[in-house]
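Chain by chain, the residues:
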Amino acid sequence: GVQVKNAVLKIDGKKIKEYKVVPNKADASKYYQFMLADAYAPADGTKDAPYPSGAELKTLPTDSIEVEYTVSGVDFNSKVIGTQKGKTFTQGNFKYKVTKAVVLSGDNKVTKGAVQVVGLSKKGKKKANLSLGATAKVTSKAAISTAAAVMTYKVTTLKSGAFKNSAKLKSFSFKKAANVKKLPSKVFMNCKKLKKVELNKKMKKIPAAAFKGCKNLATIKCNAKLSSVSKSAFKGCKKKIKITGKSKKANKKKIKKAYKKVK
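Asks: It is not clear to me how the overall build of the chain should be interpreted in this structure. Could you clarify?
Replies: Along its length, the chain carries one helix and 18 strands. When burial is assessed residue by residue, the chain has 38% of its 263 residues classed as buried. Of all intrachain contacts in the chain linking residues separated by at least 6 positions in sequence, the fraction that spans at least 24 positions is 50%. A total of about 15,700 Å² of accessible surface is found on the chain, and carbon and sulfur atoms cover 50% of it.

Dropping the structure here:
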């Protein structure tokens, strides 16, 4: 969310270039890299604001270079005290990727981070029955006296195919994963021993290939009324699937359009 706006480049006191919004370099990874004087790579955004004399910066400094700008979206007093955004960690039965870091602000307030489930841990791959919780906790390597040593992250999303090819998985529950709103595509694809799945109150869609190849799937418990079911959601399933939970009649009808063997 960091932005640099209203930037002016001056060389020897002369205004050479202006930007209302300075582009951030497309392939910048660890740091923001705002391109103000770059003329050799139009893909970085400089094509939108050519120099007065053309596309190249031909004025070289003999005395001074000045840049004025306004930066927003950053708190210079804040510190990341948990795992950084984009990093992964393992806790219990699952592997997580941080989508929002735990941050300590200048006024000592700790914001709760968020994570995506990207797969099962070594421990999780050995389990037959699994349940996903609402949060994940990890010990902070950067813990300080003003913040807790154990950081809490909300579990908010799942990666496509997060649990596919899980050879030992027989049942899975999302009931406690209250912050996860969507079931991703291919999430249980080719889980050949999977028999039972329980969705949470916010999961209202069964996406493409969600249960593809789950030849032993026999029960789905829905805690919400389904709004859509992909035609490929149950491709390769073999057994008659029992639909239980909330709005049983409506959900059975919805699933039957994609998979005939329901009861």
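There's more to say after this.
Asks: Help me understand the pairing of strand S1 (residues 3-11) in this model?
Replies: Look at any regular strand and the pattern is simple: side chains alternate between the two faces of the sheet. Where S1 lies against strand S3 (residues 65-72), seven bridges are found, and the strand directions are antiparallel. Considered in S3, the bridge of Val4 is made with Val71. Bridging between S1 and strand S2 (residues 14-21) involves six bridges; their strand directions are antiparallel. Bridge pairing in S2 places Val8 opposite Glu18. Count of turn residues in the S1/S2 antiparallel hairpin: two residues, of which Asp12 carries a positive phi of about 50 degrees.

Asks: Any chance you could explain the sheet that holds strand S10 (residues 129-131) here in plain terms?
Replies: Strands pair in a sheet through their backbones, by hydrogen bonds, and they do so in one of two ways: parallel or antiparallel. Here we have five strands laid out as an open sheet, ordered S10-S13-S14-S16-S18, and parallel in their pairing. Every interior strand has two partners, whereas the edge strands, S10 and strand S18 (242-245), have only one. For this sheet the average axis-to-axis angle between neighbouring strands, irrespective of direction, equals 10 degrees. For strand S14 (residues 196-198) and strand S16 (residues 219-222), the ladder comprises three bridges, and the chain directions are parallel. Looking across to S16, one finds that Glu198 is bridged to Lys221.

Parameters at a glance
- Residues numbered from 1 in each chain as written.
- Predicted model: local features only at pLDDT ≥ 70, side-chain atom pairs only at ≥ 80, totals over all residues.
- Heavy atoms only, no water.
- Helix = DSSP H or I, 4+ residues; strand = E, 2+ residues; numbered from the N terminus.
- Buried < 20%, exposed > 50% of the residue type's maximum accessible area, 1.4 Å probe, protein only.
- Contact = heavy atoms within 4.5 Å.
- Areas by Shrake-Rupley, 256 points an atom, 1.4 Å probe, with all protein chains shown as cover.
- Pairing = 2+ DSSP bridges.
- Axes fitted to C-alpha atoms, helices over the stretch in contact; angles between N-to-C directions.

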